[in-house]
Amino acid sequence: MRVLHICITKQKMCAWIIGFGTIAASILIYNVVKLITSRCSGPLPPGPKPWPIMGNLPHLGAVPHHSLAALARVYGPLIHLRLGFVHVVVAASASVAEQFLKVHDANFSSRPPNAGAKYIAYNYQDLVFAPYGPRWRLLRKITSLHLFSAKAMDEFKHLRQEEVARLTRNLASSDSKAVNLGQLLNVCATNALGRVMLGRRVFNDGNGGCDPKADEFKSMVVEVMVLAGVFNIGDFIPSLECLDLQGVQAKMKNLHKRFDAFLTNIIEDHKTSSKTEQHKDLLSTLLSLKDVPDDDGNKLTDTEIKALLLNMFTAGTDTSSSTTEWAIAELIRSPKILAKVQQELDIVVGRDRNVREEDLTHLPYLQAVIKETFRLHPSTPLSLPRVAAESCEIFGYHIPKGSTLLVNVWAIARDPKEWANPLEFKPERFLPGGDKADVDIKGNVFEVIPFGAGRRICAGINLGLRMVQLLTATLAHSFDWELENGLNLEKLNMDEAYGLTLQRAEPLLVHPMPRLSPHVYSSS
Ligand code: HEM
């Protein structure tokens, strides 16, 4: 035993010596390369002095979009950090974001290597992390055509409306116990997407938020977002990847197994039921495309289909439900704004039916509320990272090839140079006469880019926007709201918890009080 122990200790020592040797060599190479590049090009953007080896990782703090916003106040809107051995540049103003995502977008159209893509997203075989190129184009084309085109959005609108009506009925029948609104919204968003993608609901109604399968699913999605949001040391110091110091990679592998089992079940169920039923959903289309090569000769594989489903269910559920939860929290906090939204809805929709998608374009005040919610609570506060394919120059600064780009969309949308009273929830700024009257949030105006911009802009922007608008309009129209235990409005906690998506630190627990004709809540 003792001999064995000594052998293991010797092996460990060797591993550490090799590890440190690699780190020392990497530091040397890094410094030599830095010296050479700084001699032949402009300076790197300013930023805090990095620590040895870890670089600026300690500067990220517990809530990175907050820490990075604070650094931008000191060093300016274009910062350079060194995270481990990786150059990272952070854009924190509209004009800097425009340089990266418009002027130089072609150079920043892939995502940097990371453990999440490798261990969760089927080793980059999905749409979100696929390198820019023919396979990415194929996946993007399939989803644009079959899921997000105007025709597909219209074709499936009755399914979304049915799921939202189901949510309203559940809320109306909730007893005196407060409901966890975020959980119910998540069930609704997932079921609406499930019906479009798979031709069926994924969960039971989630009555009162107690469907254990729904709880498990939501927790898996949140875990994906939390893990994908962690700055994993192995992504920045490759020689330490195998040690998995934070245990992140192990958690990712475990989560991947659970998700893969969930998706495999769905596909198997689908194959079995499609023998007896005619399906008209995205999964059937994807399965039928498996044997048909596209213009570039690429065919879809089983793994790519699972990876696409994983993308849609993770990127498309929690983002919409948590944004709606923030919107309702803001409306509850501002009774005057809620009253204006309700007044508009009563005029356009009346009190005898539910909101329909075709009503949405006739609700300018509601639209402004949604824009203001996306401004203050963008669901991916640091967007999704991009990588520089080649070195380039932005505003006279050298951006080295291979740099990771982070766009702090959260900080940009609160920049006091662009926004009057940036922390105030004020939908009027987006209305005629307001100082941002013509601003849209679809990636054209860089002061507010919750869906990103450029080639890799959110693929599901139309669906995400439509879902948040429909849900918020319906909830504001159908109910008056009270906080759990009659909690004072000033006491409502609006703190953020950090993950890749912006969750509320505390869930919104509320009592919905029906305000429409009773038959609206009972019709099927
Ligand atoms: C509240 C709603 C949503 C927000 C705020 C949001 C935000 C974002 C952001 C910031 C990006 C990165 C864009 C960039 O790199 O510039 C993104 C990418 C993406 N989103 Fe969304 N999203 C939302 C809803 C959805 C929905 C409903 C789906 C699908 C069902 C979806 C699917 C995707 C996909 C597939 C990508 C990767 C696109 C690519 O790399 O080509 N998102 N989203």
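Residues numbered from 1 in each chain as written. Predicted model: local features only at pLDDT ≥ 70, side-chain atom pairs only at ≥ 80, totals over all residues. Heavy atoms only, no water.

An unreviewed UniProt entry lists the protein under the name Flavonoid 3'-monooxygenase, with Clitoria ternatea given as the organism. Here the protein is described in UniProt, under the heading Pathway (unreviewed entry), as follows: "Secondary metabolite biosynthesis; flavonoid biosynthesis." (UniProt positions renumbered as here; feature names shortened; annotations may be inferred.)

> Which residues make up the coordination of the iron atom of the ligand, and what values go with them?
Expected angles at a metal are 109.5 degrees for tetrahedral coordination by four donors and either 90 or 180 degrees for octahedral coordination by six donors. Donation to the iron atom of the ligand from the protein comes from one atom only, Cys458 (SG), at 2.3 Å. Note on placement: Cys458 falls in the loop between helix H17 (409-412) and helix H18 (461-478). (Donors = N, O, S within 2.8 Å, 3.2 Å for Na, K, Ca; no water. Helix = DSSP H or I, 4+ residues; strand = E, 2+ residues; numbered from the N terminus.)

> Give a detailed account of the site of the ligand, specifying residues and quantitative values.
Close to the ligand lie 28 residues, the nearest being Trp136, Arg140, Arg386, Arg456 and Cys458. Between an oxygen atom of the ligand and a main-chain N or O atom of Val128, the distance comes to 3.5 Å. Ala453 is positioned with one of its backbone polar atoms (N or O) 3.4 Å from an oxygen atom of the ligand. According to the grid-proximity analysis, the pocket containing the ligand is the largest cavity. Elements supplying a minimum of two residues to the shell around the ligand: helix H5 (134-148), helix H13 (302-315) and helix H14 (318-333). Class assignment of the residues belonging to the shell around the ligand gives a composition of 14 nonpolar, 10 polar and four charged. (Near = heavy atom within 4 Å. Polar contact = N/O pair within 3.5 Å; in protein donor to acceptor, adjacent residues only side chain to side chain. 1 Å grid on protein atoms, 1.4 Å probe; cavity = no way out; pocket = protein on both sides within 12 Å on 5 of 7 lines; lining within 4 Å. Sits in = over half its atoms within 2 Å of the grid points. Nonpolar A, V, L, I, M, F, W, Y, C, P; charged D, E, K, R; others polar.)

> So what's going on with the packing of aromatic side chains? Residues and values would help.
Across all of its chains, the model carries eight aromatic pairs by this definition. Both rings, one in Phe259 and one in Phe262, keep their centres 6.2 Å apart while their planes meet at 90°; by these two values the pair is edge-to-face. Of this pair, Phe259 and Phe262 both sit in helix H11 (residues 248-273), three residues apart, which is roughly one turn of the helix. Summarising the burial analysis for this pair, Phe259 and Phe262 share the class buried. The rings of Phe479, Trp481 and Tyr521 are connected pair by pair, giving a single aromatic cluster. If you follow Lys436 out to its NZ or CZ, it ends over the ring of Trp419, 4.7 Å from the centre. For Arg504, the ring lying beneath its charged end belongs to Trp326, and the centroid distance is 5.1 Å. (Phe/Tyr/Trp six-rings, centres within 6.5 Å; stacked < 30°, edge-to-face > 60°. Buried < 20%, exposed > 50% of the residue type's maximum accessible area, 1.4 Å probe, protein only. Lys NZ or Arg CZ within 6 Å of the ring centre and 35° of its normal.)

> Give a description of the UniProt feature "binding site: heme" (unreviewed entry) in the protein that names residues and reports values.
On the UniProt side, "binding site: heme" (unreviewed entry) is annotated at positions that read Cys458 here. When its relative accessible area of 31% is taken as the criterion, Cys458 is described as partly exposed.

> I'd like a description of the pattern of salt bridges, backed by residues and values.
Taken as a whole and judged by the stated rule, the model has 24 salt bridges. We note a salt bridge from Arg466 to Glu357, for which the minimum N-O separation is 2.5 Å. With Arg466 in helix H18 and Glu357 in the loop between helix H15 (335-348) and helix H16 (364-376), this pair connects stretches of sequence that are 109 residues apart. Accessibility expressed as a relative area gives 5% for Glu357, which makes it buried. Linking Arg414 and Glu496 is a salt bridge whose minimum nitrogen-to-oxygen distance equals 4.0 Å. Here Glu496 lies in strand S9 (residues 496-497) and Arg414 lies in the loop between H17 and H18, a separation of 82 residues in the sequence. (Salt bridge = Lys/Arg side-chain N within 4 Å of Asp/Glu carboxyl O.)

> Explain the nonpolar core to me, and be specific about the residues and the numbers.
In this structure, Leu171, Leu181, Trp481 and Leu508 are the most contacted members of the largest nonpolar core, which totals 61 residues. Sort the elements by how many residues they give to this core and H18 lands first, with nine residues. Among the nonpolar cores identified, the runner-up in size contains 53 residues, and Ile142, Leu193, Phe259 and Leu463 belong to it. (Core = buried A, V, L, I, M, F, W, Y, C linked by side-chain atoms within 4.5 Å.)

> Quick one: what's the story with the pairing of strand S7 (residues 404-407), residue by residue and with numbers?
Covered by surrounding structure in S7 are Thr404 and Leu406 together with Leu405 and Val407, the residues of both alternating faces. In the sheet, strand S2 (residues 86-91) pairs with S7 via four bridges, with the strands oriented parallel. Looking across to S7, one finds that Val90 is bridged to Leu406. Both strand S4 (residues 386-387) and S7 contribute to a ladder of two bridges, which runs antiparallel. Among the inter-strand pairings, Arg386 is bridged to a residue of S7, identified as Leu405. (Pairing = 2+ DSSP bridges.)

> I'd like a description of empty space enclosed by the protein, backed by residues and values.
Counting across every chain of the model gives five cavities of 30 Å³ or more. Here the largest cavity defines a volume of roughly 860 Å³. Lining the largest cavity are 46 residues, with Val128, Ala315, Thr319, Leu384 and Cys458 positioned closest to its centre. Among the secondary structure elements, those contributing two or more residues to the lining of the largest cavity are helix H4 (115-120), H5, helix H9 (212-229), H13, H14 and H18. The greatest single-element share of the lining of the largest cavity, amounting to five residues, is contributed by H13. Classifying every residue of the lining of the largest cavity by side-chain character gives 27 nonpolar, 14 polar and five charged. (Points joined across faces, edges and corners; volume = space filled by probe spheres on them.)

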